[in-house]
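# Structural description and commentary
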Amino acid sequence: MKPKVTFCIPTISEQGSKRDKYLSEVINCIQIQNCQDYEVFIYDNTDKGRDITVPDDRYKVIHTGGWNISQCNNNAMYIANSDVLLLGADDDLFFPERADLTYAIINNGIDLVYYSYILINADRKFTGIWISQKFDFEKHYYYGSDISLCTGAVRISKSPKWREDIRMISDYSFIIDCYKAGLSFRNITFPMGCYRVHGENLSIKRRDWVEEDTLKIREIYKDNKIRSMKISSLEE
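Computed from a prediction, not measured in an experiment: that's the story for all the values here.

Cut-offs applied
- Residues numbered from 1 in each chain as written.
- Predicted model: local features only at pLDDT ≥ 70, side-chain atom pairs only at ≥ 80, totals over all residues.
- Heavy atoms only, no water.
- Helix = DSSP H or I, 4+ residues; strand = E, 2+ residues; numbered from the N terminus.
- Buried < 20%, exposed > 50% of the residue type's maximum accessible area, 1.4 Å probe, protein only.
- Contact = heavy atoms within 4.5 Å.
- Areas by Shrake-Rupley, 256 points an atom, 1.4 Å probe, with all protein chains shown as cover.
- Phe/Tyr/Trp six-rings, centres within 6.5 Å; stacked < 30°, edge-to-face > 60°.
- Pairing = 2+ DSSP bridges.
- pLDDT = per-residue confidence, 0-100.
- Salt bridge = Lys/Arg side-chain N within 4 Å of Asp/Glu carboxyl O.

## Considering the overall build of the protein
Tallying secondary structure elements over the protein gives eight helices and nine strands in all. In the protein, buried positions account for 52% of the 236 residues. If you take every contact in the protein between residues at least 6 apart in sequence, the share linking residues at least 24 apart comes to 73%. As presented, the protein carries roughly 11,000 Å² of accessible surface, and 50% of it is formed by carbon and sulfur atoms.

Next up, the structure:
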């Protein structure tokens, strides 16, 4: 029997780093999902490879030698045995209802869904909350507002490919490509997980990548119709 959902968990750290502890917490969050009919692809994107312990054969560790997040997401969509890809990272946390609720939403005709998320620090202490919002290109690309699909999911059979030349802020371009491809959206204002803010966040350590990606995105979507785009089809 095919699984209902597929988790994609890219990892970026070397063996023995603080993020190893975070990855074990991510695996624990998946283990306690109300929906147990899932598969999990964990991508080890380190140069040398590392040992990652998994609970059972629903979990597959894929050693890439250095892929970025977009490459991992594209590969997960290609090899998935379900039609629902749950996006994640090796340092964020998910609530137990995530797989069940997301499967129900996508099975009801929605193609892309993303939730609000709670902001926590390295010690899992509350620092704030990010409220899921309707997408406004000018606001999110040109005025620095953040948007993340760390609690997002997409219907694989309708999904465009992720842009693999964008290393850090590919969620932005993916949302627009989904819109251009005619996918239906649903943004939900209650949280479905936790985004961890800490010293090993790539977005903090690699500001040069963020700046390079921003320039690429502005060039890709320089058409005035895209720049003025507001996805009004999103529902709260």
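Resuming the write-up.
## A short note on the packing of aromatic side chains
Scanning the entire structure with this criterion turns up seven aromatic pairs. Summarising the aromatic geometry, the rings of Tyr 115 and Phe 190 are spaced 6.0 Å apart at their centres and angled 50° between planes, so their arrangement reads as tilted. One end of the pair, Tyr 115, is in strand β6 (residues 112-120); the other, Phe 190, is in strand β9 (residues 185-196), with 75 residues separating them in the sequence. Accessibility expressed as a relative area gives 40% for Phe 190, which makes it partly exposed. Taken together, the ring pairs connect Phe 7, Tyr 38, Tyr 59 and Phe 94 into an aromatic cluster.

## Some details on the pairing of β9
The pairing of strand β5 (residues 93-94) with β9 spans two bridges and is antiparallel. Note on β9: the bridge partner recorded for Phe 94 is Gly 193. For β6 and β9, the ladder comprises eight bridges, and the chain directions are parallel. In the strand pairing of β9, Ser 116 is matched with Pro 191.

## Things to note about the confidence of the model for the protein
Mean pLDDT for the protein: 83, with 81% of residues reaching 70 or above. Segment residues 232-236 is flagged for pLDDT under 50; beyond a separation of four residues in sequence, or across chains, it makes 17 contacts in the model.

## Focus on the pairing of β6
Of all nine residues in β6, eight are buried; the element is thus mostly enclosed. Pairing analysis gives two bridges linking β6 to strand β8 (residues 153-155), with the strands arranged antiparallel. Bridge pairing in β8 links Leu 112 to Val 154. Both β6 and strand β7 (residues 126-130) contribute to a ladder of four bridges, which runs antiparallel. By the bridge assignment, Ile 118 is partnered in β7 with Ile 129. Where β6 folds back onto β7 in an antiparallel hairpin, the turn is made up of five residues, including Arg 124, whose phi is positive at roughly 65°.

## Quick look at the pattern of salt bridges
Applying the stated criterion across every chain, the model contains five salt bridges. Across the salt bridge formed by Arg 58 and Asp 56, the nearest N and O atoms sit 2.9 Å from each other. On the basis of relative accessibility, which here comes to 24%, the residue Arg 58 falls in the partly exposed class. On the accessibility criterion, Asp 56 (25% relative accessible area) is partly exposed.

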